[in-house]
Amino acid sequence: MARSPAKADFFEASRKAVADHELHRKLQSASDRHLDHVDETRAEFPPFESERDTARRIKEESIAHLDELLIELRRRLEENGCSVFFAADAEQARNYIVGVAKKNGLKRAVKGKSMTTEEIGLNRALIEAGLEVTETDLGEYIVQLRGEPPSHIITPAIHLSKEDVGALFAEKLQMPYTAEPEELTAEARKRLRSAFLGADLGITGANFAIAETGTLVVVENEGNGRMSCTLPDTYVAVVGIEKVIPKLADLSHFLEILARTATGQKLTTYTNFINGPRRAGELDGPREVHVVVLDGGRSAMLADPVMREALYCIRCGACLNVCPVYRRVGGHAYGSTYPGPIGSIVSPNLFGSAAGHLPFASTLCGACRDICPVRIDIPRMLLHIRWKESEDETRAIPWPRGAARARSGVVRFARLARHPRVARMLGRIAGAFLRPFARDGFLRRMPPPFNNWTAVRDFPVPRPRVRRDTAQEADSSGRVP
Amino acid sequence: MAEFHKLIARLKTALESPAPSEPHAASSNSAASMPIAPSAQRVELVSGFAREFEAVRGSFLGVLSPEEAAARIASLAREVGARLVAVGEGVTLDAAVFTHALQEGGCAVERFGKLDDGERPAALERLARCDIGIAEAHYAIASTGTFAVVGAPARPNSLTLLPPISVIVVHVERLVLDLAQALGALGPDLVSAHRLSLITGPSRTADIEKRIVLGVHGPKTLYGAIIWPRNG
Ligand code: SF4
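Because the structure is predicted, anything quoted here is derived from the model rather than measured.

Section: the overall build of chain B
And step 1. When helices and strands are tallied, chain B shows six helices and twelve strands.
And step 2. Sequence separation of 24 or more characterises 76% of the internal contacts of chain B that already satisfy a separation of 6 or more.
And step 3. For chain B, the accessible surface area stands at approximately 9,700 Å², while carbon and sulfur atoms represent 53% of it.

As structure tokens, then:
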């Protein structure tokens, strides 16, 4: 479902999400399980680190030659019999696909999981054009039945328990209630199998596009992507410009790290290679293949030397699972197709200022950088965006009230800190004065101007003897306590 | 394609901006650091494949001669009460050996050839009704337990997708160590001319509370065998 990423309500949404203890439990257990698998599979594969470096280098080179690679990709795809359309933005992409559907008189679409089609809000456009659209990835199918967007780029229904799904299926599919994943999955299989056999349009994204061979590569575990590109007579793939890699031989380096980080598998169950319509006499594959190559703000990222790195992302989803903020609030709070650390970076670029607050939704702890299979320095980019935001007069989100005052407060504090003895003395006086008001060593509320601080966090009361770093302690006084 | 040229122009301009400050130093030890010695290590490859294939919940039938494999598959078909079995054309093997064994066991066998477009919907329906699909892979990857299956008119790709039970065999000489070798062996020409699927275990999902459930869309059961002819 298309969703306007246009609400600067992260802080409001996250407040609600943090209070939702059930959500917290679900997120925590799902992401812990994921991380355990990832650790295990990585440890069993000694070349992992060098594969990461190789993949990173290939991405750097591909993105640096994006113009040439796209020209070659287009040529090779067309030679293989695909129609290629370059879309500058989401609207052009939607219009093209709706046009194809109208021209071929298509009625029933099946979709494999694709964040790029979420990004362009394709479902709504197709439904408005009179098509029936079925999400066929089990997680996507579940959230579609709930009328929700996915909350994770790999496991869309991560925020739901099996009981939630049981209740949903009982209500929407009129089946007797069960919370057994086996039975729920069997029911979905039955429904979706007939959707596949009856569909005339298949839609997926792609994980990679190989310029050398004119091939799209779609990785998945369920087989729904494979169905979508095999059974319907018309097939559309929506691919971001950054997905192109030069050669077939480059692919293994990505596949060796992608599943290991995304799900803790060595390889996903299916790696599908799509390179054009079915050939004469063949049973499998569509009669028409349309490849929509989407810019949608990506070329602007390319132009920014710091942001360019975000185009190396292979959407493994691991940075979401390690992020302390994501683990606490879940994907929906971000209000964007791409949640989590990488989402906080690409969303403002893809969706404009409406997502401008997301770069502030991070603690900059660096866990995302450490797990990222292509070593994207997400915290560095977040800082970069924050800095740009603070320089920009027409900034997307207003500074919180009192921000200017807070700023000058910090400046004053910095000046004070240059005189350790005075600072210490003031600290002691303040501590003695404040201690009676504290609970468990923290002040919950302070009078202005300090209420700016206590509005969002507690303030630790200085202890009777301020504990200082010993290194700092060997200051002018030369005294060590 | 005005949009295309505009895009390329945009990219060219974007690329003129200075490159990211510190390009990542790629490590010097190359990815292909695993030792390779195909013929000497054939046995090791076989046991590695079997282990990995079982780890992704495949059922390994063993290292068999074509005749043994045919007998094994026929008895499997009997066990599950299969009536209709789809058999794709072999890559190195003559699939007739499977067909005969199955027919003797009382199964109807579905074979494939070149189709007219008009025949396609009915052929797909028939294939979807088959109880078992049997295919020979071009290659198999030992380090991941993966089959590389290449489609052709007499060997449709959906043979390993639509029937609930899938049997894939591979010739022992086509067992390679890792993905890089498999892609190298397939090569760009074959990849751009055919439908290729890498298959690592039965269809599966973990979308409900990360619990693994098999057979969500594709086969719930995947049998694998390595064919090692007696005189081979
Ligand atoms: S930024 Fe890195 S860790 Fe996050 S989704 Fe992209 S590739 Fe994965």
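Quick notes on the site of the ligand
And step 1. The full set of residues close to the ligand is Cys313(A), Ile314(A), Arg315(A), Cys316(A), Gly317(A), Cys319(A), Ile342(A), Cys372(A), Pro373(A), Ile376(A) and Ile378(A).
And step 2. Residues belonging to the shell around the ligand are distributed by class as follows: nine nonpolar, one polar and one charged.

Regarding the domain arrangement of chain A
And step 1. Considered domain by domain, chain A is made up of domain 1 (7-299) and domain 2 (412-471).
And step 2. Taking the mean C-alpha position of each, domain 1 of chain A and domain 2 of chain A sit 51 Å from one another.

Some remarks on the side chain of Arg193(A)
And step 1. Take Arg193(A): it is sitting in helix α10 (residues 181-198).
And step 2. The buried charged residue Arg193(A) lacks any salt bridge, with Glu125(B) as its nearest oppositely charged partner at 9.0 Å.
And step 3. With sequence-adjacent residues up to four places away left out, Arg193(A) is seen in contact with Met227(A), Ala128(B), Leu161(B), Leu162(B) and His217(B).

Observations regarding the packing of helix α12 (residues 248-262) of chain A against helix α6 (residues 179-193) of chain B
When two helices pack together, their arrangement is given by the angle between the helix axes and the distance between those axes.
And step 1. Remark: α12(A) packs on α6(B), axes separated minimally by 8 Å, with the N-to-C direction vectors making an angle of 140 degrees. Here α6(B) runs oblique to α12(A), going by the angle between their axes. Relative to α6(B), α12(A) is oriented so that their crossing is right-handed. Contacts from Leu248(A), Leu251(A), Ser252(A), Leu255(A) and Glu256(A) in α12(A) reach Leu179(B), Ala180(B), Leu183(B), Gly187(B), Pro188(B) and Val191(B) in α6(B).
And step 2. Here the contact of α12(A) with α6(B) is composed, by residue class, of eight nonpolar, two polar and one charged.

Things to note about the environment of Ile429(A)
Residues and elements named next belong to chain A.
And step 1. Here Ile-429 lies in helix α20 (residues 420-434).
And step 2. Of the residues examined, Ile-429 reaches a relative accessible area of 52% and is grouped as exposed.
And step 3. Sequence separation between Ile-429 and His-21 is 408 residues, and the spatial gap between their C-alpha atoms is 40 Å.

What to know about a nonpolar patch on the surface
And step 1. A surface patch of nonpolar side chains, about 370 Å² in accessible area, is lined by Val422(A), Met425(A), Leu426(A) and Ile429(A).
And step 2. Tracing the chain through its elements places Met425(A) in helix α20.

So, the sheet that holds strand β4 (residues 132-136) of chain B
Within a sheet, neighbouring strands are paired by backbone hydrogen bonds and run either parallel or antiparallel to one another.
All names here are of chain B.
And step 1. The sheet built from six strands is open, its strands ordered β1-β12-β7-β4-β2-β3 with parallel pairing. Each edge of the open sheet is held by one strand with a lone partner, namely β1 (59-64) and β3 (108-110). Averaged over all pairs of adjacent strands, the angle between strand axes in this sheet comes to 20 degrees, irrespective of strand direction.
And step 2. Strand direction decides the pairing type here: β1 and strand β12 (residues 221-227), joined by five bridges, are parallel. Within β12, the position partnered with Leu-64 by the bridge is Ile-227.

What about the packing of helix α16 (residues 340-351) of chain A against helix α18 (residues 378-391) of chain A?
All names here are of chain A.
And step 1. Relative orientation of the contacting elements α16 and α18 amounts to 35 degrees, with a least axis distance of 10 Å. When you trace α16 past α18, the crossing you get is left-handed. Across the interface between the two elements, Pro-341, Ile-342, Ser-344 and Ile-345 of α16 pack against Ile-378, Met-381, Leu-382 and Ile-385 of α18.
And step 2. Among the residues forming the contact of α16 with α18, the class breakdown is seven nonpolar, one polar and no charged.

Observations concerning the interface of chain B and chain A
And step 1. Counting from both sides, the interface comprises 81 residues of chain B and, opposite them, 99 residues of chain A.
And step 2. A combined buried area of about 7,800 Å² lies between chain B and chain A, and 57% of that area is made up of carbon and sulfur atoms.
And step 3. Three residues, Arg195(B), Ile208(B) and His217(B), lead the burial of chain B against chain A; their summed loss comes to 11% of the area buried on that side.
And step 4. Inspection of the chain B/chain A interface yields six salt bridges.
And step 5. In this structure, Glu182(A) and Lys220(B) form a salt bridge, with 3.5 Å as the shortest nitrogen-oxygen distance.
And step 6. Our enumeration of links across chain B and chain A arrives at 40 residue pairs in polar contact (both at pLDDT 80 or more).
And step 7. Counting residues per element, the side of chain B that touches chain A draws most heavily on helix α1 (residues 2-16) of chain B, which supplies nine residues.

Digging into the side chain of Asp200(A)
Residues and elements named next belong to chain A.
And step 1. With respect to the helices and strands, the residue Asp-200 is situated in the loop between α10 and β4 (201-204).
And step 2. Of the side chains with opposite charge, Arg-108 lies nearest to the buried Asp-200, which makes no salt bridge, at 4.6 Å.
And step 3. A polar contact of 2.9 Å, which involves the side chain of Asp-200, links it to the backbone nitrogen of Arg-108.
And step 4. When residues no more than four places from it in sequence are discounted, the contact partners of Asp-200 are Gly-105, Leu-106, Lys-107, Arg-108, Pro-232, Asp-233 and Thr-234.

A closer look at the packing of aromatic side chains
And step 1. In total, this model carries ten aromatic pairs over all chains according to the counting rule given.
And step 2. Between Phe85(A) and Tyr96(A), the ring centres sit 4.3 Å apart and the planes meet at 5 degrees, which makes this aromatic pair stacked. Linking Phe85(A) in strand β1 (residues 83-87) with Tyr96(A) in helix α5 (residues 90-103), this pair joins segments that are eleven residues apart in sequence.
And step 3. Using a relative accessible area of 17% as the deciding quantity, one classes Phe85(A) as buried.
And step 4. The ring of Phe45(A) has Arg260(A) lying over it, and the distance from NZ or CZ to the ring centre is 3.5 Å.
And step 5. Directly above the aromatic system of Tyr139(B) lies the positively charged group of Arg174(B), at a separation of 5.1 Å from the ring centroid.

Rules used throughout
The numbers attached to residues start from 1 for each chain and follow its sequence in the written order. Labels are handed out in written order, letters beginning with A for the chains and numbers beginning with 1 for the ligands. Given that this is a predicted model, residues contribute local features only at a pLDDT of at least 70 and side-chain atom pairs are listed and counted only at 80 or more, while totals for whole chains, interfaces and linings are drawn from all residues. With hydrogens and water stripped out, all remaining heavy atoms of the structure feed into the side-chain values. Strands here mean DSSP runs of E at least two residues long; helices mean DSSP runs of H or I at least four residues long; both are numbered from the N terminus. Contacts: residue pairs with any heavy atoms within 4.5 Å of one another. Here the accessible surface of atoms and residues is derived via Shrake-Rupley with a 1.4 Å probe, and residues count as covered only by protein chains that are part of the display. For this description, a residue counts as near a given molecule or strand if any of its non-hydrogen atoms is within 4 Å of it. Under the scheme applied here, ten amino acids are nonpolar (Ala, Val, Leu, Ile, Met, Phe, Trp, Tyr, Cys and Pro), four are charged (Asp, Glu, Lys and Arg), and all others, including Gly, are polar. The domain boundaries here were taken from an automatic or database domain assignment. Here's how the labels work: a residue is buried when its accessible area is under 20% of the maximum for its type, exposed when over 50%, partly exposed in between, all with a 1.4 Å probe on protein chains only. Counted as positive: Lys and Arg. Counted as negative: Asp and Glu, with His and the chain ends omitted from the count. We define a salt bridge as a contact between a side-chain nitrogen of Lys or Arg and a carboxyl oxygen of Asp or Glu at a distance within 4 Å. Between N-to-C directions, angles span 0 to 180 degrees; the directions come from axes that are lines fitted to C-alpha atoms, helices contributing only their stretch in contact. With respect to orientation, any angle under 35 degrees is reported as roughly parallel, any angle over 145 as roughly antiparallel, any angle of 65 to 115 as roughly perpendicular, and every other angle as oblique. Helix crossings are classified by the rotation of the near helix relative to the far one: an anticlockwise turn of less than a right angle makes the crossing left-handed, while a clockwise turn makes it right-handed. Within the patch definition used here, like charges are joined within 9 Å and nonpolar side chains (Val, Leu, Ile, Met, Phe, Trp, Tyr) within 5 Å, considering only residues with over 30% relative accessible area and no salt bridge. When DSSP finds two or more bridges between a pair of strands, those strands are recorded as paired. What counts as buried area is the accessible surface, traced by a 1.4 Å probe, that two parts surrender upon association, with contributions from both included. Whenever two N or O atoms come within 3.5 Å, that pair is a polar contact, provided that in protein one can donate a hydrogen and the other can accept it, and provided that, for residues adjacent in sequence, both atoms are side-chain atoms. When the centres of two rings from Phe, Tyr and Trp lie within 6.5 Å, Trp using its six-membered ring, the rings pair. Their planes under 30 degrees apart give stacked, over 60 give edge-to-face, and anything left gives tilted. Should the NZ of a Lys or the CZ of an Arg lie within 6 Å of a ring centre and within 35 degrees of the ring normal, that charge is described as sitting over the ring.

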